[in-house]
Amino acid sequence: MYKNRTVPFLFLLIIFINTNALPEQPPGAAGVGIDEKLGEYVPLTLSFHDENGKTISLKQLIYKPTILSLVYYRCPGICNPLLSGLAEVIDRLQLEMGRDYNVLTISFDPRDTPEIAIEKKKNYLTILKKEHAEESWRFLTGDPENINKLTDAVGFKFTRDGDEFIHSAALIILSPDGRVIRYLYGITFLPFDMKMAFTEASEGRIGPTIRRALLFCYKYDPKGRRYALNITRLAGTTIIFFAMAFFAYLTITGRKRKRNEKFS
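Quick caveat, the model's predicted, so the values are computed rather than measured.

J.: Is there a simple way to think about a nonpolar patch on the surface in this case?
T.: On the surface, Leu 190, Phe 192 and Met 196 cluster together into a nonpolar patch covering about 300 Å² of accessible area. If you trace the backbone, Met 196 turns up in helix α7 (residues 191–203). When its relative accessible area of 31% is taken as the criterion, Met 196 is described as partly exposed.

This is the structure:
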């Protein structure tokens, strides 16, 4: 009896997995994502423009544990939630900004300008209640050559789609000498994970990747031209989990019933 029930159940489960549970790729997203470069070094000789229009090298900015976020300032999708999540976790950290760590946000869109960068910076400084935030969180822009060298060094892959870009969401933790220590994926972050990453960066130790699966909770919305939370996939994953648990329950109870019938 249980065998007859479980066969169609498995058949339906397989169909559901194939149609709902597999990660979607946004149109034109081939080659988009992050090719982790743990242990590699960022070229500190690269130069960018800060939010005031001054040319500055990475060596002048990366001299202590540093959070690097790669975004573009006109992004209508996950860049703003990513930076908001970064600001929120910074506010919750029991560490002193500017003393224990610095934050570096760099646009990978060469069309972004220092004027746009400083307006973006003002938006996120209003969220923070940290001292020294203005001088410790820098917003940079640059030319295509320096941008490409930096994104290649950290394995950040993106592609242009009209006037916008398809890209992933992550923070990259760098050591004081520019070594890639850890990747933190998604748009929300835990203070504990961040603190551990800073400890590893201070000691030059490579840390494990944190919550990479969160990337699969987002999809590209062709109509809205942005990444959005994929509720269908989250619900599908939950349903699959409970379906597998139910199948295991049927299998175990079926075996017990047969065992009891055999010995009765």
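J.: I would appreciate a short explanation of the pairing of strand β4 (residues 66–71) in the present structure.
T.: Looking along a regular strand, one sees the side chains alternate between the two faces of the sheet. With respect to burial, β4 is a largely interior element, 6 of its 6 residues being buried. A two-sided burial pattern is seen for β4, the buried positions comprising Thr 66, Leu 68 and Leu 70 on one face and Ile 67, Ser 69 and Val 71 on the other. Here 6 bridges tie β4 to strand β5 (residues 102–107), and the two strands are oriented parallel to one another. Considered in β5, the bridge of Leu 68 is made with Leu 104. Handedness of the β-α-β unit built from β4, helix α3 (residues 79–92) and β5 comes out right-handed. As paired strands, β4 and strand β10 (residues 170–174) are joined by 4 bridges and run antiparallel to one another.

J.: For this particular structure, what's the right way to read the nonpolar core?
T.: Most often, soluble globular proteins keep nonpolar side chains buried together rather than apart. By size, the foremost hydrophobic cluster in this structure holds 60 residues, and its most contacted members are Leu 58, Trp 137 and Met 194. If one sorts the elements of this core by residue count, α3 sits on top with 7 residues. Those residues in contact with Trp 137, other than ones at most four positions away along the chain, are Glu 51, Leu 83, Leu 86, Ala 87, Ile 90, Met 97, Val 103, Leu 104, Thr 105, Lys 121, Tyr 124 and Leu 128.

J.: How should I be thinking about the packing of aromatic side chains in this particular structure?
T.: The relative placement of two aromatic rings is captured by the distance of their centres and the angle of their planes. Under the counting rule described, the total for this entry stands at 12 aromatic pairs. With a centroid separation of 5.3 Å and 90 degrees between ring planes, the pair formed by Phe 108 and Phe 165 is classed as edge-to-face. Pair noted here: Phe 108 is in the loop between β5 and α4 (114–125) and Phe 165 is in strand β9 (residues 164–166), with a separation of 57 residues, a long-range link. Just as Phe 108 is buried, Phe 165 falls in that class too.

J.: How should helix α6 (residues 144–154) be read in this particular structure?
T.: An α-helix turns once every 3.6 residues. As a result, residues three or four positions apart point the same way. For α6, the complete set of buried residues consists of Asn 146, Ile 147, Leu 150, Thr 151, Ala 153 and Val 154. Taken around the axis of α6, the buried residues stretch over an arc of 160 degrees, which confines them to a single face. α6 presents Glu 145 and Asp 152 as exposed residues on the side facing more than 90 degrees away from its buried surface. Put simply, Asp 143 is the residue that caps the front of α6, since its side-chain oxygen is 3.1 Å from the backbone nitrogen of Glu 145.

Procedures and definitions
Residues numbered from 1 in each chain as written. Predicted model: local features only at pLDDT ≥ 70, side-chain atom pairs only at ≥ 80, totals over all residues. Heavy atoms only, no water. Patch = residues over 30% accessible without salt bridge, like charges linked within 9 Å, V, L, I, M, F, W, Y side chains within 5 Å. Areas by Shrake-Rupley, 256 points an atom, 1.4 Å probe, with all protein chains shown as cover. Salt bridge = Lys/Arg side-chain N within 4 Å of Asp/Glu carboxyl O. Helix = DSSP H or I, 4+ residues; strand = E, 2+ residues; numbered from the N terminus. Buried < 20%, exposed > 50% of the residue type's maximum accessible area, 1.4 Å probe, protein only. Pairing = 2+ DSSP bridges. Right-handed = clockwise from strand over helix to strand, strands pointing away. Core = buried A, V, L, I, M, F, W, Y, C linked by side-chain atoms within 4.5 Å. Contact = heavy atoms within 4.5 Å. Phe/Tyr/Trp six-rings, centres within 6.5 Å; stacked < 30°, edge-to-face > 60°. Arc of directions from axis to C-beta. Polar contact = N/O pair within 3.5 Å; in protein donor to acceptor, adjacent residues only side chain to side chain.

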